[in-house]
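# Close look at the chain arrangement
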Amino acid sequence: MNKPISFKKMHGSGNDFILVDNRSMVVPLEKANEVAKILCRRKFGVGADGLILICESEQADFKWYFYNADGSEAEMCGNGGRCAARFAFETGIAGSELSFETLAGIIHASINGKRVKLELPTPEILERELTLDVRDQVITGSFLNTGVPHFVQIVEDVQAVPVYEIGRLIRHHKKFQPQGTNCNFVEIRKENYIVVRTYERGVEDETHACGTGAVASAISCALSMKCVPPITVETWGGEKLKVFFELTQEGVKDVFLEGEAIIVYSGELNGDMIV
Ligand SMILES: N[C@@H](CCC[C@H](N)C(=O)O)C(=O)O
């Protein structure tokens, strides 16, 4: 019988995660991809969009390892980052102004009750206008990296978009191989209010919300001169995220993502599940 492993189940706008204080390496990193798949599997495991392991860092308050539900490791996750920051604060790993190390660089966060504001890495605008042949349609959007890759299409009616079908085709489009992309569909309601639906790479489905996708979508809308920051993003789960940034001649700077990070429950994993 392996020792139980303490964890918290958290969500940021319905993007849900399993978080483990892994400073003593209770989950060996060489097994983490497999463990993520087992634990994130709905109905058989805890069920989540991702697994977050909080480890020691020499450069920041902690270093995280982020895994999607399919076991793939991702460089960054905006909603997961907000949950990790609150987890570290609530468990005494860090104070209310903290930083953590990711594959996308050092991320700074501030905690104010349930609300967490993250400063994201400077986004890369890879293609402002990109046209893709997708089945029998021509789809035009933009391609950005906000920590992870995102394709963004502005649409008239986001509710009418078959996100799973089209998002999946774009995610696997030859243009984005081998790393693939996340794919966002955005409806602009006002110059500072948009509604976003995201097909997520690594979850291989539409999720309730995607933080880096919300940021990519808000920036795309501003680049197309249809929106001005700060921009409120209504997520598919209904909750709202706020995206702050500045557009300059050189590009985008001072990018922040703010919203609630919720602790759903704390529990103990059966250690035998991860051997
Ligand atoms: N849900 C995330 C993004 C997580 C990583 C993504 N699925 C990828 O592999 O690129 C967010 O809130 O940003």
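Residues numbered from 1 in each chain as written. Predicted model: local features only at pLDDT ≥ 70, side-chain atom pairs only at ≥ 80, totals over all residues. Heavy atoms only, no water.

## What about the domain arrangement of the protein?
Splitting the protein by domain gives domain 1 (5-121 + 261-269) and domain 2 (124-253). Placing the centre of domain 1 and that of domain 2 at their C-alpha centroids yields a distance of 23 Å. Counting from both sides, the interface comprises 21 residues of domain 1 and, opposite them, 19 residues of domain 2. Each partner contributes to the roughly 1300 Å² buried at the junction of domain 1 and domain 2, and carbon and sulfur atoms together form 54% of this total. Along the contact surface separating domain 1 from domain 2 lie four residue pairs in polar contact (both at pLDDT 80 or more). Listed by contribution, the elements that provide at least two residues to the side of domain 1 that touches domain 2 are β1 (5-12) and α2 (78-90). Here the side of domain 1 that touches domain 2 takes three residues from α2, the largest share from any one element. Class assignment for the residues of the side of domain 1 that touches domain 2 results in seven nonpolar, nine polar and five charged. (Domains from an automatic or database assignment. Contact = heavy atoms within 4.5 Å. Buried area = accessible area lost by both parts, 1.4 Å probe. Polar contact = N/O pair within 3.5 Å; in protein donor to acceptor, adjacent residues only side chain to side chain. Helix = DSSP H or I, 4+ residues; strand = E, 2+ residues; numbered from the N terminus. Nonpolar A, V, L, I, M, F, W, Y, C, P; charged D, E, K, R; others polar.)

## Things to note about the environment of Glu-165
Along the chain, Glu-165 falls in helix α3 (residues 163-171). Glu-165 sits in the partly exposed class, given a relative accessible area of 41%. (Buried < 20%, exposed > 50% of the residue type's maximum accessible area, 1.4 Å probe, protein only.)

## Quick look at the confidence of the model for the protein
On average, residues of the protein carry a pLDDT of 97, and 100% of them reach 70 or more. Our summary of model confidence lists the complex with pTM equal to 0.97 and ipTM equal to 0.98. (pLDDT = per-residue confidence, 0-100.)

## Let's talk about the pairing of strand β4 (residues 62-68)
Buried residues dominate β4, accounting for six of its seven residues. Across six bridges, strand β3 (residues 50-55) lies against β4 in antiparallel orientation. Bridging across to β4, Ile-54 finds its partner in Trp-64. Here β3 folds back onto β4 in antiparallel fashion, the turn holding six residues. Of the strand pairs in this sheet, β4 and strand β5 (residues 97-102) are connected by two bridges, and their pairing is parallel. Bridged to Lys-63 within β5 is Glu-101. Between β4 and its parallel partner β5, the chain crosses via α2, and the hand of that crossover is right-handed. (Pairing = 2+ DSSP bridges. Right-handed = clockwise from strand over helix to strand, strands pointing away.)

## Things to note about the pairing of strand β15 (residues 240-247)
The pairing of strand β14 (residues 231-234) with β15 spans four bridges and is antiparallel. Bridging across to β15, Glu-234 finds its partner in Lys-240. Counted between consecutive antiparallel strands, the loop separating β14 from β15 contains five residues, among which Gly-238 sits at a positive phi close to 105°. Pairing analysis gives five bridges linking β15 to strand β16 (residues 252-260), with the strands arranged antiparallel. Directly across from Phe-244, in β16, lies its bridge partner Phe-256. Where β15 folds back onto β16 in an antiparallel hairpin, the turn is made up of four residues, including Gly-251, whose phi is positive at roughly 145°.

## Focus: the side chain of Ser-217
Here Ser-217 is to be found in helix α4 (residues 211-223). By relative accessible area, which is 0% here, Ser-217 ends up buried. With near-sequence residues (within four places) excluded, Ser-217 lies in contact with Val-152, Asn-184, Val-186, Ile-194 and Val-196.

## Details of the UniProt feature "binding site: substrate" (unreviewed entry) in the protein
Residues annotated in UniProt with the feature "binding site: substrate" (unreviewed entry) correspond here to Asn-15, Asn-68, Gly-78, Asn-79, Asn-182, Glu-200, Arg-201, Gly-211 and Thr-212. Relative to the helices and strands, Asn-15 is located in strand β2 (residues 15-21). For Asn-15, the contacting residues outside a window of four places in its chain are Met-10, Asp-49, Cys-77, Asn-79, Glu-200, Thr-207, His-208, Ala-209 and Cys-210. Note that Thr-212 resides in helix α4. Once residues lying within four places of it in the same chain are set aside, the contact partners of Thr-212 are Met-76, Cys-77, Gly-78, Thr-146, Val-148 and His-150. Polar contacts involving the side chain of Thr-212 include one to the side chain of His-150, which spans 2.8 Å. (UniProt positions renumbered as here; feature names shortened; annotations may be inferred.)

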